[in-house]
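Listed here are the chains, written in short residue letters.
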Amino acid sequence: MKRTHVRLADGRELIYYDRREDADRTAPDTRDLPDFAPASELRHDALTDEWVAVAGHRQDRTLLPATDDCPLCPSQPGRATEIPASDYEVAVFENRFPALHHPRGRCEVVCFTADHDASFATLPLAQAETVMEAWADRTAELSALPNVEQVYCFENFGEEIGVSLHHPHGQVFAYPFVPPRTRAMLDAARRHPGGDLFAEVLAAERADGTRIVAANELWTAFVPVAARWPFEVHLFPHRKVPDLAALDTAERTAFCRLYIDVLARFRHVFDRPLPYVAAWHQAPVRTGRDLGYLHLQLFSIRRAPDKLKYLAGSEAGMGAFLNDVYPERAAQLLRDAY
């Protein structure tokens, strides 16, 4: 995999990922941009021992532009974008409107393809594998930064989820702290009286089979027994690894095949694609790293063809989830989707 590092007009970093060694990535960023100087803060909530990022400049970020004004499409004569090249495979760059910024974290945008009308579900296998290489590479690079405690790769898909750009893309957050969900899972793993908690959960789901959606020789996709969301699927590798960078080539390919299959089921379970969040849970860089077990959590807020689940009083106010769809029913619907 060829990596090419360049700088955008305001000094932000851009990395191209190419399967072709002869890819030309010398096109400059011709835009006249102000210096990159985001003003974000991290504030500590003493009552919950959690960190909150306050980033007022994100109020001005681009919101659902027309296709002709998409900042993630390749640059063309007369229209310069965030990607100076006239075409690309996968590109990663520092977010122009970051929630976190050096030296207290970093936020990046991962462009899955130059095709504005594609989605991860429609990517050819080789293209999906290139995205996996980019995720793994950014995980390794960002984990090496001195103030980073966890690297989080994710995708928001669908206007109902709150995406601000339609072009197929995801993001990477490098947190200077361990986020609450990771802390909770690691605390549960630390308290578990038996062997490895994550491995035991995976083994139990594979043995039961009721909630398995799809599987191959290296990964299993299942709806968790206590799913919080109407449609929620966890994808676990059969071999315990801490993060994306630790996956071998066979595991990366096997994941892409299974993930594209599951996303196709998300597209066909109702009369429209499910909006979703795809969240990579990786081990922290330092604290509790031996307890972590890499897995992807894929979930949707759609609970019926014409109904969405909103985080209302119990969820938003108390963090106590109510699920309107039985996990076993969700798994069956996804198995039958096509």
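Computed from a predicted structure; not experimentally measured.

(A) Local environment of the state of the cysteines. This structure, assessed with the given rule, holds zero disulfides. Its sulfur unpaired, Cys 153 is 12 Å from the next cysteine sulfur, which belongs to Cys 107. Cys 153 supplies the cysteine sulfur nearest to Cys 256, a cysteine that is in no disulfide, at a spacing of 13 Å.

(B) Inspection of the packing of aromatic side chains at higher detail. Within the structure shown, the criterion is met by 22 aromatic pairs. Ring geometry for Phe 173 and Tyr 175: centres 5.9 Å apart, planes at 75 degrees, overall edge-to-face. According to the relative accessible area criterion, Phe 173 is buried, its value standing at 14%. For Tyr 175, a relative accessible area of 14% gives the class buried. A ring pair is formed by Phe 255 and Trp 280, whose centres lie 4.8 Å apart and whose planes are at 50 degrees; its orientation type is tilted.

(C) The sheet that holds strand E11 (residues 231-237), seen in detail. Strand order in the open sheet made by the 11 strands is E1-E2-E5-E6-E8-E7-E12-E13-E11-E10-E9, with antiparallel pairing throughout. Whereas interior strands pair on both sides, the edge strands pair on one side only; in this sheet they are strand E1 (2-7) and strand E9 (212-215). Each strand of the sheet is rotated relative to its neighbour by a mean of 20 degrees, with strand direction disregarded. Where helix H3 (residues 197-208) meets the sheet, it contacts E9, strand E10 (219-222), E11 and strand E13 (295-300), and its direction lies at approximately 75 degrees from that of E10. In the packing of helix H4 (residues 249-268) onto the sheet, contacts are made with strand E7 (150-157), E9, E10, E11, strand E12 (276-281) and E13, and the angle to E13 comes to roughly 10 degrees.

(D) Representation of empty space enclosed by the protein within the structure. Following the criterion strictly, the structure yields six cavities of 30 Å³ or more and no others. Considered as a void within the structure, the largest cavity measures approximately 70 Å³ in volume. Lining the largest cavity are Thr 182, Met 185, Leu 186, Phe 198, His 281, Gln 282, Ala 283, Pro 284, Gly 292, Tyr 293 and His 295. For the lining of the largest cavity, the leading source of residues is helix H2 (residues 180-191), giving three residues.

Procedures and definitions
Residues numbered from 1 in each chain as written. Predicted model: local features only at pLDDT ≥ 70, side-chain atom pairs only at ≥ 80, totals over all residues. Heavy atoms only, no water. Disulfide = S-S within 2.5 Å. Phe/Tyr/Trp six-rings, centres within 6.5 Å; stacked < 30°, edge-to-face > 60°. Buried < 20%, exposed > 50% of the residue type's maximum accessible area, 1.4 Å probe, protein only. Pairing = 2+ DSSP bridges. Helix = DSSP H or I, 4+ residues; strand = E, 2+ residues; numbered from the N terminus. Axes fitted to C-alpha atoms, helices over the stretch in contact; angles between N-to-C directions. Contact = heavy atoms within 4.5 Å. 1 Å grid on protein atoms, 1.4 Å probe; cavity = no way out; pocket = protein on both sides within 12 Å on 5 of 7 lines; lining within 4 Å. Points joined across faces, edges and corners; volume = space filled by probe spheres on them.

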